[in-house]
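# Observations on chain architecture
Next come the chains, spelled out residue by residue.
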Amino acid sequence: MSRYFLKVFYALLFLLLHSSGLKIAAEVKCIERERQALLNFKQSLFDDSGILSTWRDGDNNTDCCKWRGIQCHNETGHVRMLHLPGSHTQYLKGVINLTSLIDLHNIQHLDLSYNNFLVSHLPEELMGSLANLTYLNLSYSVFSGMIPSTLGNLSQLQYLDLGGNYLCGVIPFQIGNLSQLKYLDLGYNALSGEIPYQIGNLKQLQFLSLSGGIPFQAGNIPLLHTLGLGGNFDLQDKDAEWFSNLSSLTTLQLTSLHNLSASRRLLQTISKFIPNLRQMSLVDCSLSDADIRSLFYSHSNFSTSLTILGLSSNLLTSSTFHLLSSLLPNFPSLKILDLSYNNLSSSIFQGNFNFGSKLKELHLENCSLTDRSFTVSSTSTMNSSSSLLYLDLSNNLLKSFAIFHWLFNFTTGLNTLCLNHNLLEGPIPDVCGKTMNSLEVIDLSYNKLQGKIPSFFGNMCRLQSLYLSNNKLNGKISSFFQNSSWCNRHVFQNLYLSYNQITGKIPKSITLLSELEQLSLGSNSLEGDVTESHLSNFSKLEYLSLSQNSLSVKLVPSWIPPFRLSYLGVGSCKLGPSFPSWLQTQSSLIYLDISDNGLNGSVPEWFWNMQFFYSLNMSHNNLTGTIPNIPLELHAVPSIILNSNQFEGSVPSFLRQASELLLSENKFSDLSSFLCDQRTVAKFGILDLSKNQIKGQLPDCWKSVDQLLFLDLSNNQLSGKIPISMGTLVKLEALILGGNSLMGELPSTLKNCSNLFVLDVEENLLSGPIPSWIGGSMQQLIILIMRGNHFSGNLPVQLCSLRHIQMLDLSRNKLSKGIPTCIKNFIAMSEKSINKSETYSRIYEYDITYYDFYGPFSFDDYKLDITWMWKGLEQQFKDPELNLNSIDLSCNNLTGKIPREIGYLLGLVSLNLSRNNLSGEIPFEIGYLSSLDFLDLSRNHFCGRIPSSLTQIDGLGKLDLSHNSLSGRIPSGRHFETYGASIFEGNNDLCGEQVNKSCPGDETIVKPQEQAVHEEDSVFYEALYMSLGIGYFVGFWGLIGTILIWKPWRIAYTRCLNRITNWVTV
């Protein structure tokens, strides 16, 4: 009995202690140091979605363990989990302060994926200090920089996902130390170099996604079920052996392995030794139809389990499509098939085709498909698919709406249809609305559609998104809204009608679409007022574009909108004249375009608190005053466009953090305080301060802004010498300093700027010889303009090394001696046509590694603006390098002959050698320049004849050979007959019809003499014929008249005739 009571006593004691422990555990709160670390972490972020709304430092909210996304240890109170993944609609943004988490020593789970941390870097000190981490997910959150090597210290880590960012550099070999790692994703970054062989140490890996050159020294990873590899590296036979050990693989993604087709053994290995594949993606691997046959030979082992098959961006034809369609019954589980970016141009759906019983998505983007590809014939035996939900036919060559007839016959439950970027033309037929009532998303943008917007779109009760932008649709917008039932108004979210020809006023019935999230009506012909009554029902609106219309946005200043926009485009609307105060309520804005709105006066100071802007455009207004120099941190590295206003004073230092800073055509007067203020790190890649009032010398602190790519300080009042420190701008691609009063020689340090595409120092007071290092060090130059200075000496032969030069202007200097014969080395000018896309990409497109510093949203708006002498007139050119090949050496002291090698420059459009001391004959080879539109050789000392080859240049619109010593006949034929005398004046020995002067021995001189001779002959023959007539008359009547009148003569004449007759007859 005592033993029984003892057991009861111990049981009660255990329960008492356990309940006490539970009470103690329940009362455990987070550690104060860790709570403060979380609050410091929050301060660096912008949370317009309220994700961190529970993170408050108040009396009733001191326990951080109860905050959203936080989980603490139930006994110690230490933070064990920070779980804050974003979503499409809710995410954190800002330059994240990860180092503030360094006090969370016990954290095991950290997930900040799918947020926007604005190219923040991963700090070395933090990554190595969180020793208890087992789970780290920072994917798709706009991180940049290099992967910290200290990640290798996280020995407990089992899950590491850094994919989908802007990380660059090499993969640190220390990752091979993470022996517990099961999941590693570094894909979709800008990583380079080889994958370290230490990856082979990760025997527990089940998921591996990497990009970069890979030597396949990863060893045997027996548990791997998902493998993603990217990068153009060489595949060898040993790689097939490595793949043969991956029998557990269920997902395989190979991207940009361009020699994969050369390894048939590897393809057969995949088919033979990896039987359980469910997802296979072989993208951009240069695969041919034969490769696909090799992959699927004998109905490969994995065919029954395959659910996703991606073969986009290869060299496949309709043969592969027909092969796969014949095998579809052997793919009973296939749900997604992607053949985009192949050449499936023939009638791929003619004949027998089986969609497969479970196929849900079919991707055929950019496959050269035409209307013939979807012909419905009596012999077609395709089955109707109720499973197909998503069909992408964008970027093809479809012209007619016959596609909808095909869809009506062979699909029954389609909910997403993409037909954008085709050639569809004419009005949208009503049959589209009648046959596709199941659609939720339809994209017909970027076609040639005409006519009114059909009202049936508003009667498609499941429709959520309608994209009709970039067509030629017309009619009144009110008809579209008022003639529809809008049975879909409770689900309709996105409406894109921009870049059409739609007219009229926006009706107030648009408020029916209360669930709208995105509304794009820009670039039409809309008119009238937009008031708060149009917008007051859009509580979910995030994107609003009304730009490039004739609208007047008239909102009551005190109005508080129900929405929080992230994008607002009202450029060229009438938003002014006062600055819109309601913008103060739009704290979520990241894109704002209020350009060309007639805004006057100063900008309120509250507006400049734009920490999270990606893009701000307030150009072409009449905004005045100074921009306050507030201590502001710009998290997004934004593009800021303020040109064509009346801003004055100094440029504030906080704008140094912008990636693109366009401030031209204002009244800014000070550059030094902005440029040399090193308290704020400079991040701008583009600085345009042209056409301002900046005075004095150029500042000598360019080393602090050595990340510059484009610099335009033209048309100011700058003076003095170009500072030596400008040579530290080694990344510089365009340097434009024209229209100032700069003097002295070009500093030799500029030769360090070897990446320059554009060098423009026109209209200054620069002197000295043209440096030879321009040709030696700046071999990327496309545009070189040094017009209107005091450069002297000869043309250095090193300039001939400028193989890419397309615009060369050295006019109005003091250059002497001859034109070098090596000009034939101007390779770009020797091509008859300019590859505009290649030139454009060389200047404006950037590698993903640029995003590490300048941000991923930069450089969308800037285009070169060059002043150029064209046909004798000064003109502005946007992107001139894309259009012209031109040489201008006029107004110098050049001597000697034009080298015959000029004939190699077949792409030359403009050649101006006027006002020099050139001599000799104009070379015959100049007629080879078939692209020439402008040729000026006036005011030189050329002699001899005008080469007849010039008549072969059909496009020669303007020619000037005046004031030389040319002689001989002016060539005739073709367009030369149209040239006036002024073109040839000052050449006294020229002759021809153009100058109304005869040439010796020319046919035009003998014509009057021939006429005189002809007149003399006429008189002679006239007298002769008259004499003959008179003689005939006298002789005839002298004989016949005597016989008739005198009888003895008549008898004698008769006897004579009788004798002659008797003699003839006898």
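One can find the structure itself at the top, above this paragraph.
All figures in this text were calculated on a predicted structure; none of them were measured in a lab.

We now examine unusual backbone geometry. Cis peptide bonds are those with omega within 30 degrees of zero, and the linkage from Gly576 to Pro577 qualifies with 10 degrees. The phi torsion at Ser256 lies on the positive side, around 60 degrees, for a residue other than glycine. Relative to the assigned elements, Ser256 resides in the loop between β13 (251-255) and α5 (264-273). A positive phi angle, close to 60 degrees, is found at Ser368, a residue other than glycine. By the element assignment, Ser368 lies in the loop between β17 (361-363) and β18 (390-392).

Turning next to the packing of aromatic side chains. Using the criterion set out here, one finds 29 aromatic pairs in the structure. For the pair Phe480 and Trp486, a centre-to-centre distance of 5.4 Å together with 80 degrees between the ring planes defines the contact as edge-to-face. The pair Phe480 / Trp486 is uniform in exposure class, with both members buried. Taking 5.0 Å as the distance between ring centres and 75 degrees as the angle between the ring planes, the aromatic pair formed by Phe579 and Phe607 counts as edge-to-face. Of the two residues, Phe579 is situated in the loop between β31 (567-569) and β32 (591-593) and Phe607 in the loop between β33 (600-602) and β34 (615-617); the sequence distance between them amounts to 28 residues. Assigned by exposure class, Phe579 and Phe607 land together as buried. Members of the aromatic cluster, connected to one another through ring pairs, are Phe579, Trp606, Phe607, Trp608, Phe613, Phe647 and Phe668.

For the coordinates displayed, the defined rule picks out nine salt bridges. As a salt-bridge pair, Glu32 and Arg35 come within 3.0 Å of each other at their nearest N and O atoms. Here Arg35 and Glu32 lie together in helix α2 (residues 32-43), a separation of three residues that amounts to about one turn. Given a relative accessible area of 46%, Glu32 falls into the partly exposed group. The structure contains a network of salt bridges with shared partners spanning Glu762, Glu763, Arg787, Asp809 and Arg812.

Now for the side chain of Ser465. Checked against the element boundaries, Ser465 lands in strand β23 (residues 465-467). The class for Ser465 is buried, based on a relative accessible area of 5%. Look past the residues within four positions of Ser465 in its chain and what remains in contact with it is Glu440, Val441, Ile442, Phe492 and Asn494.

The next point concerns the layout of surface pockets. For the second largest pocket, the calculated volume is near 540 Å³. As for the second largest pocket, its lining consists of 21 residues, and the residues nearest its centre are His88, Thr89, Tyr91, Glu542 and Ser566. When its residues are assigned to classes, the lining of the second largest pocket shows seven nonpolar, eight polar and six charged.

We now examine the state of the cysteines. Counted by the stated rule, this structure contains six disulfides. Assigning the bonded cysteines of the chain consecutive numbers by sequence position, one obtains the connectivity 1-2, 3-4, 5-6, 7-8, 9-10, 11-12.

Inspection of the sheet shows strand β55 (residues 893-896) paired to strand β57 (residues 917-921) by two bridges, in the parallel sense. Residue Thr895 lies in a different strand from β57, and its bridge partner there is Asn917.

So, about the sheet that holds strand β41 (residues 695-697). Within a beta sheet, neighbouring strands are joined by backbone hydrogen bonds and run either parallel or antiparallel to one another. A sheet is described by the order of its strands in space; here eleven strands give the open sequence β41-β43-β45-β47-β49-β51-β55-β57-β59-β61-β62, paired in parallel fashion. Single-partner strands in this sheet number two, and they are β41 and β62 (989-991). Recorded for the sheet is a direction-independent mean angle of 20 degrees between the axes of neighbouring strands. The pairing of strand β47 (residues 765-769) with strand β49 (residues 790-794) spans three bridges and is parallel. Residue Ser767 lies in a different strand from β49, and its bridge partner there is His790.

Right, let's talk about the side chain of Ser141 for a bit. Within the secondary structure, Ser141 is located in the loop between β5 (135-137) and β6 (143-146). A relative accessible area of 0% places Ser141 in the buried class. Here the side chain of Ser141 touches Leu112 through a polar contact of 2.8 Å, landing on its backbone oxygen. A polar side-chain atom of Ser141 sits 3.1 Å from the main-chain amide nitrogen of Tyr114. Those residues in contact with Ser141 that sit more than four places away from it in its chain are Leu112, Ser113, Tyr114, Asn115, Asn116, Phe117, Leu118, Gly164 and Asn165.

In the structure shown here, the tally under the stated rule is six cavities of 30 Å³ or more. The volume enclosed by the largest cavity comes to roughly 140 Å³. Among the residues forming the lining of the largest cavity, the class breakdown is 16 nonpolar, no polar and no charged.

This next bit is on the environment of Cys822. Inspection of the secondary structure assignment puts Cys822 in the loop between β51 (814-817) and α14 (827-830). As for Cys822 and Leu799, which are separated by 23 residues in sequence, their C-alpha atoms are 8.9 Å apart. When sequence neighbours within four positions are dropped, the list of residues in contact with Cys822 reads Val797 and Cys800.

If you trace the four strands from one edge of the open sheet to the other, you get β33-β35-β37-β39, paired in parallel fashion. Bordering the open sheet on either side are β33 and β39 (667-670), each of which pairs with just one other strand. The sheet shows a mean angle of 20 degrees between the axes of neighbouring strands, direction not considered. Pairing of strand β37 (residues 646-650) with β39, which is carried by three bridges, proceeds in the parallel orientation. Across the sheet, residue Ser650 finds its bridge partner in β39, namely Asp670.

Here we take up the nonpolar core. The biggest cluster of nonpolar side chains holds 267 residues, and the ones touching the most others in it are Leu184, Phe243, Leu364, Phe457, Trp608 and Ile774. A per-element tally of this core places helix α8 (residues 402-410) first, with five residues. Within the second largest apolar cluster, 13 residues are counted, among which are Ile641, Ala734, Ile783 and Met807.

Criteria and thresholds
- Residues numbered from 1 in each chain as written.
- Predicted model: local features only at pLDDT ≥ 70, side-chain atom pairs only at ≥ 80, totals over all residues.
- Heavy atoms only, no water.
- Helix = DSSP H or I, 4+ residues; strand = E, 2+ residues; numbered from the N terminus.
- Phe/Tyr/Trp six-rings, centres within 6.5 Å; stacked < 30°, edge-to-face > 60°.
- Buried < 20%, exposed > 50% of the residue type's maximum accessible area, 1.4 Å probe, protein only.
- Salt bridge = Lys/Arg side-chain N within 4 Å of Asp/Glu carboxyl O.
- Contact = heavy atoms within 4.5 Å.
- 1 Å grid on protein atoms, 1.4 Å probe; cavity = no way out; pocket = protein on both sides within 12 Å on 5 of 7 lines; lining within 4 Å.
- Points joined across faces, edges and corners; volume = space filled by probe spheres on them.
- Nonpolar A, V, L, I, M, F, W, Y, C, P; charged D, E, K, R; others polar.
- Disulfide = S-S within 2.5 Å.
- Pairing = 2+ DSSP bridges.
- Axes fitted to C-alpha atoms, helices over the stretch in contact; angles between N-to-C directions.
- Polar contact = N/O pair within 3.5 Å; in protein donor to acceptor, adjacent residues only side chain to side chain.
- Core = buried A, V, L, I, M, F, W, Y, C linked by side-chain atoms within 4.5 Å.

No statement about biological role is implied by the geometric values presented.
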